[in-house]
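# Remarks on the overall topology
Given next are the chains, with one letter for each unit.
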Amino acid sequence: MLSSSTFRANPNWAVSSRLFGCTVVGLIGGLAAATANSSVSAIGLLGGAALGGLYGLGFGVAGAKRASSPGAGLLWGLGYAFLLWLVGPASLFPLLGSGQTMGNLDTTRLHFPDLVAYILYLGAPLGLVLGLWGAFYKVQATELPAEAAIQSHRFSLAKALIVGGLAGLVGGWAFSSWMTQVNFFPTIASLVGSNSKEVGMVLHYIIALVIGISFGLLFQLDIRSYGSSMSWGVAYGIFWWFLGPLTLLPLLQGKTLNWSYQQAGILFGSLVGHIIYGLLVGLGYATLNRLWVGFFINSDPIRREAEGPGTRTLQALGWGAVGSLAGGLIFSLIMLATGTLPKVAQLVGGTSVELGFVVHLLISALIGMSYGLLFRQEAPDLGSGVAWGLVYGLIWWFLGPLTLFPGLLGGSLTWTVAAAGQVLPSLIGHLLYGAITALVFLMLERRHEAWLKLDPRLAARELRLRRPVGTPAPALWLFVLGLGVLLPVILSV
């Protein structure tokens, strides 16, 4: 029987098997995409299979050192599929095949079904296969930074089941508010031949439990902080929107697949719900995971940190608040230009621009402080810090103008493409706010770390706590930021 030691002793055979496996998965995925999608099938079944095989081979070469676990592989696969779609169906293929305008919004909408096919038939299976290959043959122990190898020995099946399951139920509870509002539970109940709201609710929580457990199984080794866990959850939620409402739900109901952008627009509320669900799953998992580690790991005096939790918390709050002032001031210019500040003043019963500006800065400070708590020691460099800030700003666009803001003004959830279109200008402001806040925060954090490193006993600990280069974070940024910005644009009517 072939073992991981056998493959490490025969590196050429290991590489060949990896590339062959990815090529076969790509061939099958390309064939499936060409069969299911009329737009992809324009190049024919053989052409689709050949193109998929090339995609798989390319991913096997490019992702070998990164896909060190199933979760890491999934994220790299999703990011890779999204990038291929941007380069191919959304840009070059229309230009070469039918003379359509490259990058045109109508062209992009026309090829939205290709995006679904690329994600489900190519990105997800390629990522999972390569991630499983990397985990089984322990690629991370020889090809990734030492921190990744350390993390690989800490996987706990019990923690994935218990912590992931509880986090999934918390996310499912939040998602149920929207499902109740739009009477979606009978639709879920139809999967088992019922139209009962109660049956749909039970089935919904079972699905939420299963997805939460799968999150723990896939991403346990990659989670290092509340912020990264929350972001992993958002990416997983977006993936499940493609897999669930757009694909599995109609198939289980016996309907024909409809991957058009019009159908996706109808399900835009479900997209926001999956994002909020994933956010809470990730945040809940990180919180429960911290308690787990506190009970079973940090009780060891050797593992204790030099600064107490109170000191670290106050530092993170202060740095985040300072960063938010810079980000909030830039954001206020966009809010002033779009006439949003008077609406913000309505939160405290006023209507003036001045009051709206003050309330806006107070809200910005709170969000900045939360960023400090969530993303402390997450970024290895300035580029990573800015990327995490962009992700956090995008999350707050879904969480703020589309979710919390309408509720605080006495309205209901506005998870529609029409509502998203009205607040699209604020999306740019949220992205700028997040990037600037993260940049200032990272500069202050690095200044403090430089002081700690004067003590050689603490230098190694600080290096260990910082997220190393070589994790799936870049794939997360590409997938979440790309689709988080693109979907509200192309799905709006």
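Quick caveat: nothing in here was measured; it's all calculated off a predicted structure. (Residues numbered from 1 in each chain as written. Predicted model: local features only at pLDDT ≥ 70, side-chain atom pairs only at ≥ 80, totals over all residues. Heavy atoms only, no water.)

A count of helices and strands for the chain gives 22 helices and 0 strands. Burial status across the chain gives 52% buried among its 493 residues. Summarising the internal contacts of the chain: among those between residues at least 6 apart in sequence, 77% fall at separations of at least 24. (Helix = DSSP H or I, 4+ residues; strand = E, 2+ residues; numbered from the N terminus. Buried < 20%, exposed > 50% of the residue type's maximum accessible area, 1.4 Å probe, protein only. Contact = heavy atoms within 4.5 Å.)

Turning next to a nonpolar patch on the surface. Residues F155, L157, L161, I162, L166, L169, L209 and L217 make up a contiguous nonpolar surface patch of roughly 650 Å² in combined accessible area. Mapped by element, the contributors of at least two residues to the nonpolar patch are α9 (157-181) and α11 (197-219). The biggest single contributor to the nonpolar patch is α9, with 5 residues. (Patch = residues over 30% accessible without salt bridge, like charges linked within 9 Å, V, L, I, M, F, W, Y side chains within 5 Å. Areas by Shrake-Rupley, 256 points an atom, 1.4 Å probe, with all protein chains shown as cover. Salt bridge = Lys/Arg side-chain N within 4 Å of Asp/Glu carboxyl O.)

Any two aromatic rings considered together are summarised by their centre-to-centre distance and by the angle between their planes. Under the definition given, this model contains 26 aromatic pairs. Note on F215 and Y285: the rings are 5.7 Å apart at their centroids and 75° apart in plane angle, and the pair reads as edge-to-face. With F215 in helix α11 and Y285 in helix α14 (residues 268-296), the pair connects residues that are 70 residues apart, well separated along the chain. Of the two residues, F215 and Y285, both sit in the buried class. On the basis of an interplanar angle of 70° and a centroid distance of 6.4 Å, the ring pair of F239 and W240 is categorised as edge-to-face. W240 matches F239 in its accessibility class, with the two residues each being buried. (Phe/Tyr/Trp six-rings, centres within 6.5 Å; stacked < 30°, edge-to-face > 60°.)

Where helix α3 (residues 45-62) meets helix α6 (residues 112-136), the closest approach of the two axes is 11 Å, and the angle between their N-to-C directions is 35°. Of the two possible hands of crossing, α3 and α6 adopt the one that is right-handed. Counted together, L51, G52, Y55, G56, F59 and G60 of α3 and Y118, L122, L126, G127 and L130 of α6 form the full contact between these two elements. For the contact of α3 with α6, the class distribution of residues is 7 nonpolar, 4 polar and no charged. (Axes fitted to C-alpha atoms, helices over the stretch in contact; angles between N-to-C directions. Left-handed = near helix turned anticlockwise from the far one by under 90°. Nonpolar A, V, L, I, M, F, W, Y, C, P; charged D, E, K, R; others polar.)

In this section: the environment of L431. Residue placement: L431 occurs in helix α20 (residues 424-452). Once the C-alpha coordinates of L431 and G393 are considered, the two residues, 38 residues apart in sequence, prove to be 4.8 Å apart. Discounting residues that sit within four places of it in the chain, L431 has contacts with L390, L394, L481 and V485.

Counting 113 residues, the largest nonpolar core has F112, W241 and F242 as the members making the most contacts within it. For this core, the leading source of residues is helix α12 (residues 226-252), giving 13 residues. If we skip the residues at most four places from it in the chain, F242 touches F112, L115, V116, I119, L120, T247, L483 and L487. (Core = buried A, V, L, I, M, F, W, Y, C linked by side-chain atoms within 4.5 Å.)

Bringing the layout of surface pockets into the picture now. Approximately 850 Å³ is the volume attributed to the second largest pocket. In terms of lining, the second largest pocket is formed by 30 residues, of which the most central are T340, G400, P401, F405 and H430. At the level of secondary structure, the elements contributing two or more residues to the lining of the second largest pocket comprise α15 (309-337), α16 (341-345), α17 (353-374), α18 (382-408), α19 (417-422) and α20. Top contributing element to the lining of the second largest pocket by residue count: α18, with 7 residues. For the lining of the second largest pocket, a count of residues per class yields 18 nonpolar, 11 polar and 1 charged. (1 Å grid on protein atoms, 1.4 Å probe; cavity = no way out; pocket = protein on both sides within 12 Å on 5 of 7 lines; lining within 4 Å. Points joined across faces, edges and corners; volume = space filled by probe spheres on them.)

Looking now at α17. Helix length check: α17 (22 residues) gives 31 Å between terminal C-alpha atoms against 32 Å at 1.5 Å per residue, within 8%. Within α17, burial applies to G356, V359, H360, S364, A365, I367, G368, S370, Y371, G372 and L374. (Expected span 1.5 Å × (residues − 1).)

Turning to the packing of α6 against α12, a few remarks are in order. Axis separation between α6 and α12 bottoms out at 11 Å; the angle between their running directions is 115°. Considering the angle they form, α6 stands roughly perpendicular to α12. Between α6 and α12 lies a crossing of left-handed hand. From α6, F112, L115, V116, I119, L120 and A124 reach across to α12, where they touch F239, W241, F242, L243, L246 and T247. (Parallel < 35°, antiparallel > 145°, perpendicular 65-115°, else oblique.)

This part takes up unusual backbone geometry. In the Ramachandran plot, N183 falls in the positive-phi region, its phi being about 55° despite a non-glycine side chain. Residue placement: N183 occurs in the loop between α9 and α10 (185-189).

Moving on: α18. One turn of the α-helix equals 3.6 residues, which is why residues spaced by three or four share an orientation. Largest kink in α18: about 40°, centred on G400, with the proline P401 one to four residues after it. For α18, the capping residue at the N-terminal end is D381, with a side-chain oxygen 3.4 Å from the backbone nitrogen of G383. Note on α18: the residue one or two positions beyond its end, G410, has a positive phi of about 90°. (Bend = angle between axes of the 7 residues up to and from the residue. Polar contact = N/O pair within 3.5 Å; in protein donor to acceptor, adjacent residues only side chain to side chain.)

Turning to the environment of P474, a few remarks are in order. Along the chain, P474 turns up in helix α22 (residues 473-491). Judged by relative accessible area, which is 38%, P474 ranks as partly exposed.

Before going further, it helps to examine the side chain of S225. Residue position: S225 is located in the loop between α11 and α12. Of the polar contacts made by the side chain of S225, one reaches the backbone oxygen of L374; its length is 3.2 Å. In this view, S225 contacts A286, L374, R376 and E378; residues no more than four positions away in its chain are not counted.

Moving on, we come to the confidence of the model for the chain. Per-chain confidence: the chain averages 81 in pLDDT, with 81% of residues scoring 70 or above. Ranking the elements of the chain by mean pLDDT puts helix α8 (residues 146-152) last, at 39, and α12 first, at 93. Confidence drops under pLDDT 50 across residues 139-153; counting only partners more than four residues distant or on other chains, this segment forms 24 contacts. pLDDT under 50 marks residues 299-304. Its contacts with residues more than four places away, or in other chains, come to 6 contacts. (pLDDT = per-residue confidence, 0-100.)

Along the chain, the position of L251 falls in helix α12. Accessibility expressed as a relative area gives 45% for L251, which makes it partly exposed. For the pair L251 and L191, spaced 60 residues apart in the sequence, the C-alpha separation amounts to 9.7 Å.

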